[in-house]
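As a plain string of letters, each chain reads:
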Amino acid sequence: MRAPAAPVRSAVPWRLLFAHLRRAPFRTVLTLSGVALAIFLFVTLRSVNESFSTAVESAGRSRLVTGSAVSLFVNLPAKLEQEIRGVGGVRNVTHWTWFGGVYIDEKNMFARFGVDVPSMREMYGDLSTGKEILLGPGEWDAFNDDLQGCIVGAGLARSYGFKVGDRIPMKGNIWPGDYDFNVRGIYSAGSPQIDEVSMFFHWKHMDEKVGRRSEVSLFVVEAEPGFDLAKISRDIDGRFESSGNRTRSLTEAAFNQQFISMWGNVPALLTLIAVAVLFAAFMIALNTMLLNARDRRVETGVLKALGFTDRAIFRLNAAEGVLVCTAGGAAGAFGAKLLFDVGKVDAIYKFFPAFRILDETMAMALGISVLIGILSGGIPASALRRMSLMSALRGIG
Amino acid sequence: MLIQVRGVVKTFHRDAETVRVLHGVDLDVAAGEWVALMGPSGSGKTTLLNLIGGLDVPDAGSIVVGGEELVGRDGGELAQWRARHVGYVFQLYNLMPVLTAFQNVELPLLLTPLSRKERKDHVETALSMVGLADRMDHFPAQLSGGQNQRVAIARAIVTDPSFLLADEPTGDLDRKSGEEILQLLDDLHRRFGKAIVMVTHDPHAAKRADRLVHLEKGVIVEDAE
Ligand SMILES: Nc1ncnc2c1ncn2[C@@H]1O[C@H](COP(=O)(O)OP(=O)(O)OP(=O)(O)O)[C@@H](O)[C@H]1O
Ligand SMILES: [Mg+2]
């Protein structure tokens, strides 16, 4: 045998890392899953919180929502539309009306709105600049031309298997009667303002069905560019001030904010839960790594005796934490993305229509996993590094 | 002279207590010599062996190995020196349970610039020298105590060190396996001229050595050929 040349100072016995992971698969998988679960929750909770602010931030800059000054649940006469159109600076007006109703079973809950199709198309559809509701012109035409027609969101279509041409029977409660809607199109959302789990049909149809009640829930008012929204809002509300139908007009952002404030402290609570869960994951990871370090004292002593440096010992053990936690974090983060973005689990969109997993959230999740890894791997690793060769060999300290 | 130990003093601190283990030890080991170190439990045999192997540093004195002074070097330099010059055999084998025999033996070679292929050649040579060429892919738990100690010896010789340090290499083995280990050390000593410093409690094992050194209460009391 030849005498080997000078030792390489920085050599780290990386194979030991993988051997350890492989030989204790249960420990590895448990730790990895703990971090994965925590990061999954973090991504989900943060995205829910983001959806709240997205709803406000993405609100139409030139739109007002006019409802009853009494309550969100009080309707307004449809005829107010003409007067609103007369207010200076108003470019277009459409209206949305909450239908309620039952589709086969009470349990099948999704939002159903009666709308004015032509003005809706102008404000949100293919004729608008924003194109917030994505639907082909042919489908818009078909929807428009069929008084019993309806369009459904892509998420809703997936959940219930709706296809163009299907009939959707519906029992009215707020707007009584037996309805039969024809699916004329399946839309998708072109903006976070629009969710993909709603159903829209002709307000005219339900109004006729109940014998011309002529009421709507809300008007959405689009202003001419350059006009002051606050002034238009004051003008509209001023016009009905002394009538029996006092209105309250809010910018779309303020209107959305109203819904969010109904959630109260929920966003803060979610943040708290996310932080607590991450901390728990860190402690799980740290605990595993400390147990590992305990088991490896003699082994570390032997490595040192063989000539591996303290630095190599540190890197070997710290890398294990980083590897396991990063893998777990990536699994959790991409798992959430897969489930919600690709798999489109509709349950979450029903509650949080603007739910989006931002790239920023993914980056944060991965960053946090690496950080958990560095801490949980680094703390025991530096203990092993500092441990004197002799105490390590004797398995003490 | 391969190893020159002069006036070595070693003290351990346990809590408030100070235990002086070596009280000025002098010892010479010639190249190619096999020295057996005996003495009662707690007399400082392991401590002395660790100092010679650069695993620990003395409080006073000088240790010159192959013309190089060990005392005064920092941890990193000592680590490098150990990787190049020392083959250490422990009483409890101290193999990595998660690595195969092959990988255990290869471990010290990871500190060398040898290529993968060269490492493989060295490991196979070392394992066949200890008669375990056919057990390369076994894990320590799948091997007997004697076989584990042979793997440990292969790991100690694979870098072709100048000398071997063995701390009760047969202490945990039955008579027959112990005999095989001693025979193996004997071969290495005779055929490859390796110097060996071996701690043992077994007079029978000590007979294999060229020279017997007695340590008692931290001083060398008898040094017989
Ligand atoms: N790292 C240490 N810290 C504190 N005390 C130590 C340390 N290492 C050894 N000692 C003490 O030094 C003394 C000598 O220990 P050493 O291990 O050298 O004895 P030994 O001759 O090898 O004994 P044995 O035959 O039992 O292996 C003992 O009293 C031991 O407790
Ligand atoms: Mg001893």
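Residues numbered from 1 in each chain as written. Chains lettered and ligands numbered in written order. Predicted model: local features only at pLDDT ≥ 70, side-chain atom pairs only at ≥ 80, totals over all residues. Heavy atoms only, no water.

Student: Explain the pairing of strand β1 (residues 3–14) of chain B to me, using residue names and the numbers behind them.
Tutor: Residues and elements named next belong to chain B. Inspection of the sheet shows β1 paired to strand β2 (residues 17–29) by ten bridges, in the antiparallel sense. Following the sheet pairing, threonine 11 is matched in β2 by arginine 20. Between β1 and β2, which pair antiparallel one after the other, the connecting turn spans two residues, and aspartate 15 there sits at a positive phi close to 55 degrees. Two elements, β1 and strand β4 (residues 60–65), share five bridges in a ladder whose sense is antiparallel. Following the sheet pairing, valine 9 is matched in β4 by alanine 60. (Pairing = 2+ DSSP bridges. Helix = DSSP H or I, 4+ residues; strand = E, 2+ residues; numbered from the N terminus.)

Student: For the packing of helix α2 (residues 25–57) of chain A against helix α10 (residues 266–295) of chain A, give the residues involved together with the corresponding values.
Tutor: All names here are of chain A. Two elements in contact, α2 and α10, have axes whose closest approach is 9 Å; the angle formed by their N-to-C orientations is 165 degrees. Overall, the two elements α2 and α10 adopt an arrangement that is roughly antiparallel. You can see that α2 and α10 cross each other, and the crossing is left-handed. Its residues assigned to classes, the contact of α2 with α10 shows 17 nonpolar, six polar and two charged. (Axes fitted to C-alpha atoms, helices over the stretch in contact; angles between N-to-C directions. Parallel < 35°, antiparallel > 145°, perpendicular 65-115°, else oblique. Left-handed = near helix turned anticlockwise from the far one by under 90°. Nonpolar A, V, L, I, M, F, W, Y, C, P; charged D, E, K, R; others polar.)

Student: Please provide a residue-by-residue account of the nonpolar core, values included.
Tutor: Residue and element names in this part refer to chain B. Counting 61 residues, the largest nonpolar core has Ile3, Val5, Leu48 and Phe163 as its most contacted members. Element by element, the count of residues in this core is highest for β2, at five residues. Setting aside chain neighbours within four positions, we find valine 5 in contact with Val25, Asp26, Leu27, Asp28, Leu48, Ile52, Ser62 and Ile63. In terms of nonpolar packing, the next biggest core, distinct from the first, is built from 38 residues, Leu114, Ala154, Ala156 and Leu185 among them. (Core = buried A, V, L, I, M, F, W, Y, C linked by side-chain atoms within 4.5 Å. Buried < 20%, exposed > 50% of the residue type's maximum accessible area, 1.4 Å probe, protein only. Contact = heavy atoms within 4.5 Å.)

Student: Can you lay out the confidence of the model for chain B for me, pointing to particular residues and giving the numbers?
Tutor: Residue and element names in this part refer to chain B. Taken residue by residue, chain B gives an average pLDDT of 93. The fraction at 70 or more is 99%. Ranking the elements of chain B by mean pLDDT puts strand β10 (residues 219–224) last with 80 and helix α3 (residues 101–106) first with 97. Note on the complex model: pTM 0.78, ipTM 0.94. (pLDDT = per-residue confidence, 0-100.)

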